[in-house]
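# Remarks on the overall topology
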Amino acid sequence: MPVSKLEELPTGGGGRWPLCGRGFKSIHWGDMEVGYTQAGPSDASPAYVGLPGGVCMCPHYGYVFSGRIRCVYPSSKWPDEVAEAGDVYFFRAGHHLIYEEPTKALELNPADALQTLMDHVEAYAQDLVAANKELT
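About the cut-offs
Residues numbered from 1 in each chain as written. Predicted model: local features only at pLDDT ≥ 70, side-chain atom pairs only at ≥ 80, totals over all residues. Heavy atoms only, no water. Pairing = 2+ DSSP bridges. Helix = DSSP H or I, 4+ residues; strand = E, 2+ residues; numbered from the N terminus. Phe/Tyr/Trp six-rings, centres within 6.5 Å; stacked < 30°, edge-to-face > 60°. Buried < 20%, exposed > 50% of the residue type's maximum accessible area, 1.4 Å probe, protein only. Axes fitted to C-alpha atoms, helices over the stretch in contact; angles between N-to-C directions. Salt bridge = Lys/Arg side-chain N within 4 Å of Asp/Glu carboxyl O.

Another aspect to go through is the pairing of strand 5 (residues 68-72). Alignment of strand 5 against strand 6 (residues 81-84), held across four bridges, turns out to be antiparallel. Pairing of Arg 68 across the sheet is with Glu 84, part of strand 6. Of the pairings in the sheet, the one linking strand 5 to strand 8 (residues 96-99) comprises four bridges and is antiparallel in character. Looking at strand 8, one finds that Cys 71 is bridged to Leu 97.

And the structure:
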């Protein structure tokens, strides 16, 4: 049975997503990706451009240790959902995440959906790095 301390989870998904690695640790166990995120304040919305509907299609199940996450469902009538320190949450697919404060959260995500999302986010980060190199 896999067991790990949060601080011992592999950085950047064990090298799968190196540009996302500073604040993101995760490991693939069975059908789930177990992740620990330290983020914010930040709006992840720009990273979803190019995904179907321009939204995150990965549902997230998690717990917030500290901080505050706002989940917005663009182009829908669904209200925003907010999870803050001490909250357990489920954010359905079709959202944007906004880290309103510096946040530490544990997430359990369907591995295939998170893989698709993180591969896209890693490509987005690579484009940002390339654009910065071209500007200098």
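Here we take up the packing of aromatic side chains. Counting across every chain of the model gives six aromatic pairs. With 4.9 Å between their ring centres and 80 degrees between their planes, Tyr 63 and Phe 65 make a pair best called edge-to-face. On the basis of relative accessible area, Tyr 63 is assigned to the partly exposed category, the value being 30%. For Phe 65, a relative accessible area of 39% corresponds to the partly exposed category. Each ring, one from Tyr 89 and one from Phe 91, has its centre 4.5 Å from the other, and the planes form 25 degrees; the classification is stacked. Look at Tyr 89 and you get buried, because its relative accessible area is 6%. Aromatic rings pair up to connect Tyr 36, Tyr 63 and Phe 65 into one cluster.

Our next topic: the sheet that holds strand 9 (residues 103-110). Pairing in this open sheet of five strands is antiparallel, and the strands run 1-2-9-4-7 from one edge to the other. The sheet is open, and its two edges are formed by strand 1 (24-29) and strand 7 (88-91), each paired on a single side. Neighbour-to-neighbour, the strand axes of this sheet turn through a mean angle of 20 degrees, independent of strand direction. With four bridges connecting them, strand 4 (residues 60-66) and strand 7 associate as antiparallel partners. Following the sheet pairing, His 60 is matched in strand 7 by Phe 91.

Now for the pattern of salt bridges. Counted by the stated rule, this structure contains six salt bridges. Two residues, Glu 33 and Arg 16, come together in a salt bridge whose shortest N-O distance is 2.5 Å. Of this pair, Glu 33 sits in strand 2 (residues 32-39) while Arg 16 is found in the segment before strand 1, placing the two residues 17 residues apart along the sequence. Of the residues examined, Arg 16 reaches a relative accessible area of 30% and is grouped as partly exposed. Note that Arg 68 and Glu 84 form a salt bridge whose closest N and O atoms lie 2.8 Å from each other. Here Arg 68, found in strand 5, pairs with Glu 84, found in strand 6; they are 16 residues apart in sequence, far enough to count as distant.

By themselves, these figures tell us nothing about what the structure is for.
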